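A look at the structure
The residues making up each chain are set out below.
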Amino acid sequence: MKALILSGGSGTRLRPFSHSMPKQLMPIANRPVLEHVLTRVVELGVTEIGIVVGNRGREIADALGDSSRFGARIAYIPQERPLGLAHCVSIARDFLRDDDFVMFLGDNMLSHGVSAIAEDFRVRRPATQLVVHKVADPRQFGVAEIEADGTVTRLVEKPAAPRSDLAVVGVYFFTPAIHEAVAAITPSARGELEITHAIQWLIDRGDAVYATEYSGHWSDTGRLEDVLDCNREVLDGLARRIAGEVDGDSRLLGQVVVEAGARVYRSHIEGPAIIGARSTVSDSRIGPHTSIGRDCVIQDAGLGDSIALDGARVTGVTGVHGSVIGRDATVTCVAGAQQRLIVGDHSTVVVAA
């Protein structure tokens, strides 16, 4: 089985951060979302991975570096403009050939992986195996209507009046039958080749299409609220590890990671939290569910439930909560204040009390 990871979206809902980086490189617990996706793919025993990229493909390739560290070979497949998920399958035809494959959306986070579902697909080998998850508002998603045995009878993209609360998660298992379906459909009203239409074509033809409900935590990290939520989820699974320098005047409670080269002085850190390599935390208080990236400076500050990207500097600001501070951004304050901050990359913010 091969894998196809879709990483060509523009990420408009993640602005201002998507102005300066592909949304798939947004860090979750100090690792890009796309690295988490690759980990889930490799867990399935897949060693040949195609990544569909848009006009920021070079940034993605540079961030992933040598693919051998993932134990897989990566091919980058350019897409000139986003024309739908089924279009991605079409342009990847030469890479996929006649192999079964798993397709992952590159901004999806799955807490427990899908190894059991992959094995079910290998055994039963339906034309398509979907992963679905119950959601509060199905109108925002592709929705699957299924029978008791998991057979999918109908797929509807963003229905106004949903007949099911099972959203199609961005993980699909396909046999080569999907290529005939993709070739048979036409663009939707929004000008895209919809993968839901291709799968419905298979259903209408009588091919076997099944769905398995995913029981773990899932998010598409499309909004900053989703990014923070995923960060919490991943940090909850941390194992305590102190590889950097922590002085005797600091107190670290619970699941705290201090990476090699990081330094913590006269500070209180309550896990789960991670302090990235070469960062310095001094005279500060770091609360649970906080990720401090690499090469950051946190001085005389207080952060909780937040993400500071690589190179961020936060000085003299307390009570920062539910915040995302961009790469090489600087936040300072003349006095303490309760704040929720969204600070773009390379920005400078002075917070008044």
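Residues numbered from 1 in each chain as written. Predicted model: local features only at pLDDT ≥ 70, side-chain atom pairs only at ≥ 80, totals over all residues. Heavy atoms only, no water.

Scanning the chain from terminus to terminus reveals nine helices and 32 strands. For 353 residues, the compact-globule estimate of 2.2 N^0.38 gives 20 Å, and the chain sits close to it at 22 Å. When its C-alpha atoms are laid out on the principal axes, the chain stretches across 70 × 40 × 40 Å. Put simply, the chain has 353 residues, and 56% of those count as buried. Pairs at least 24 residues apart make up 50% of the contacts formed inside the chain by residues separated by at least 6 positions. As displayed, the chain has an accessible area near 14900 Å², and 47% of this comes from carbon and sulfur atoms. (Helix = DSSP H or I, 4+ residues; strand = E, 2+ residues; numbered from the N terminus. Rg over C-alpha atoms; globule rule 2.2 N^0.38 Å. Buried < 20%, exposed > 50% of the residue type's maximum accessible area, 1.4 Å probe, protein only. Contact = heavy atoms within 4.5 Å. Areas by Shrake-Rupley, 256 points an atom, 1.4 Å probe, with all protein chains shown as cover.)

The relation between two aromatic rings is expressed through the spacing of the ring centres and the mutual angle of the planes. Summed over the entire model, instances satisfying the criterion amount to four aromatic pairs. Centre to centre, the rings of Tyr172 and Phe174 are 5.8 Å apart; their planes meet at 10°, and the pair counts as stacked. The pair formed by Tyr172 and Phe174 is uniform in burial state, with each residue classed as buried. Grouped by ring-pair contacts, the aromatic residues Phe101, Tyr172 and Phe174 constitute a single cluster. Here the guanidinium or amino end of Arg124 rests over the ring plane of Tyr210, the centre of that ring lying 3.8 Å away. (Phe/Tyr/Trp six-rings, centres within 6.5 Å; stacked < 30°, edge-to-face > 60°. Lys NZ or Arg CZ within 6 Å of the ring centre and 35° of its normal.)

With that settled, consider the side chain of Gln79. Note on placement: Gln79 falls in the loop between β5 (73-78) and α4 (85-91). Look at Gln79 and you get buried, because its relative accessible area is 7%.

Turning next to unusual backbone geometry. Put simply, Gly271 and Pro272 share a cis peptide bond, and its omega is 5°. Counting through the fold element by element, Pro272 comes out in the loop between β19 (268-270) and β20 (273-275). Backbone geometry places Arg125, a non-glycine residue, at a positive phi of 50°. Mapped onto the secondary structure, Arg125 falls in the loop between α6 (115-124) and β8 (128-134).

Further remarks concern the pairing of strand β11 (residues 166-174). Extensive coverage of β11 is indicated by the burial of nine of its nine residues. Both strand β6 (residues 101-105) and β11 contribute to a ladder of four bridges, which runs antiparallel. When the bridges of β11 are listed, Phe104 appears paired with Val171. Across six bridges, β8 lies against β11 in antiparallel orientation. (Pairing = 2+ DSSP bridges.)

This brings us to the nonpolar core. In terms of nonpolar packing, the biggest core is built from 43 residues, with Ile5, Ile49, Phe104, Val114, Val171 and Phe173 touching the most fellow members. When residues in this core are grouped by element, the largest group, five residues, is from helix α2 (residues 33-42). Contact partners of Phe173, with chain neighbours within four places excluded, come to Met1, Leu44, Phe101, Val102, Val114, Ile117, Ala118, Phe121, Ala127, Thr128, Gln129 and Val131. Listed in part, the 36 residues of the second largest apolar core include Leu4, Val52, Ala92 and Val152. (Core = buried A, V, L, I, M, F, W, Y, C linked by side-chain atoms within 4.5 Å.)

For the rest of this paragraph, the subject is the sheet that holds strand β22 (residues 285-286). Overall, parallel pairing links the five strands, which are arranged β16-β19-β22-β25-β28 in an open sheet. Both edges of this open sheet fall to β16 (251-253) and β28 (320-321), since each of them pairs with a single strand only. Sheet analysis places β22 next to strand β25 (residues 302-304), joined by two bridges and oriented parallel. In the strand pairing of β25, Ile286 is matched with Leu303.

Within this structure, the stated rule accounts for 22 salt bridges. Across the pair Asp99 and Lys2 runs a salt bridge whose closest N-O atoms are separated by 3.1 Å. Separated by 97 residues along the polypeptide, Asp99 in the loop between α5 (93-96) and β6 and Lys2 in strand β1 (residues 2-7) bring together distant segments of the chain. The partly exposed category is assigned to Asp99, whose relative accessible area is 32%. Where Arg278 meets Asp295, a salt bridge forms, and the shortest distance between an N and an O atom there is 2.8 Å. Taken together, the residues span a long stretch of sequence, with Arg278 in the loop between β20 and β21 (280-282) and Asp295 in the loop between β23 (290-292) and β24 (297-299) at a distance of 17 residues. Through salt bridges with shared partners, a single network forms among Arg31, Glu35 and Arg69. (Salt bridge = Lys/Arg side-chain N within 4 Å of Asp/Glu carboxyl O.)

Counting through the fold element by element, Gly54 comes out in the loop between β4 (48-53) and α3 (57-64). Residues Gly54 and Arg81 lie 27 residues apart in sequence; the distance between their C-alpha atoms is 6.6 Å.

Here we come to the packing of helix α7 (residues 177-184) against helix α8 (residues 195-205). With their axes 8 Å apart at the nearest point, α7 and α8 run at an angle of 110° to one another. As far as their axial angle goes, α8 and α7 are roughly perpendicular. Relative to α8, the crossing made by α7 is right-handed. Residues Ala177, Ile178, Glu180, Ala181, Val182 and Ala184 of α7 form the contact with α8, whose participating residues are Ile195, Ala198, Ile199, Trp201, Leu202 and Arg205. Counted by class, the contact of α7 with α8 contains 10 nonpolar, no polar and two charged residues. (Axes fitted to C-alpha atoms, helices over the stretch in contact; angles between N-to-C directions. Parallel < 35°, antiparallel > 145°, perpendicular 65-115°, else oblique. Left-handed = near helix turned anticlockwise from the far one by under 90°. Nonpolar A, V, L, I, M, F, W, Y, C, P; charged D, E, K, R; others polar.)

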